[in-house]
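Here is how the chains run, residue by residue.
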Amino acid sequence: GKLASQLFPHGEIEGAMRSIKKHYMTVAESYLKTQPDMLLLFEQTGGMDGSVPSAMVRLYSTLRNQAAYYNVPLAVYFDGYQSDRMEQLGSLKPDVTILGRDVHGAAPGLALALQMTDQAAGIGVNLEDAQNAAGMVQEACLACRDGRNLLLTSLDSPGMDMDLNSLRAVFWDCKEIAETKGQE
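About the cut-offs
- Residues numbered from 1 in each chain as written.
- Predicted model: local features only at pLDDT ≥ 70, side-chain atom pairs only at ≥ 80, totals over all residues.
- Heavy atoms only, no water.
- Core = buried A, V, L, I, M, F, W, Y, C linked by side-chain atoms within 4.5 Å.
- Buried < 20%, exposed > 50% of the residue type's maximum accessible area, 1.4 Å probe, protein only.
- Helix = DSSP H or I, 4+ residues; strand = E, 2+ residues; numbered from the N terminus.
- Contact = heavy atoms within 4.5 Å.
- Pairing = 2+ DSSP bridges.
- Right-handed = clockwise from strand over helix to strand, strands pointing away.

J.: So what's going on with the nonpolar core? Residues and values would help.
T.: One broad trend across soluble globular proteins is that nonpolar side chains are buried collectively. In terms of nonpolar packing, the biggest core is built from 35 residues, with Leu39, Tyr60, Leu63, Leu74, Tyr81 and Leu150 touching the most fellow members. When residues of this core are traced back to their parent elements, those giving at least two are helix H2 (13–32), strand E1 (39–44), helix H3 (54–69), strand E2 (74–79), helix H4 (86–89), helix H5 (110–114), strand E4 (120–125) and helix H6 (130–145). Excluding residues that lie within four positions of it along the chain, Leu150 makes contacts with Leu110, Ala113, Leu114, Ala121, Ala140, Ala143 and Cys144. Counting six residues, the second largest nonpolar core, distinct from the first, contains Tyr77, Val96, Ala120 and Leu155.

J.: Lay out the pairing of strand E5 (residues 150–154) with the relevant residues and their values.
T.: In this sheet, E5 lies alongside E4 in parallel orientation, the contact comprising five bridges. Bridge pairing in E5 links Val125 to Ser154. The parallel pair E4 and E5 is bridged by H6, and the resulting crossover is right-handed.

J.: Give a detailed account of the environment of Leu151, specifying residues and quantitative values.
T.: Along the chain, Leu151 turns up in strand E5. Residue Leu151 is classed as partly exposed on the basis of its relative accessible area of 33%. It is 7.6 Å that separates the C-alpha atoms of Leu151 and Ala120, two residues lying 31 residues apart in sequence. Those residues in contact with Leu151 that sit more than four places away from it in its chain are Met38, Val96, Ile98, Ala121, Gly122 and Ile123.

Structure (structure tokens):
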């Protein structure tokens, strides 16, 4: 969806997606042949009003089938989503849904990711705010102890001035939580 809107900024999204599908699938297949751990797509969904064009659903269906053929999970990083309309984005049926910032620019909440119980979910963590990142990582680790499957990634590209010692402490705390689970 994002690529179609970038290539055809004033065009109709359905026609744009049909125009790029063959080329998009050729690139995706070349990538999938390398046997990556995951095929991750980035979708900026703010301009879709919560609805998902049928051409986009068909494109993702083809991508899912192609990724499954190569035994590679399909993941989508959604940015600019409307948290009250996540079920529409669910129609794309990725193996992993990762939440970035919502349509208002707010960081995702863990509760929203945990609502996606039928698939693996992920959230972007604001690593620039080490204190809040620590809380989010700790909550996620505790949720994983209860059998949830979460993928944590950065919300934005980490800045050069990031306090790496604070960040390491966040992940050491998570490791200790995981090790405690193994002892139970």
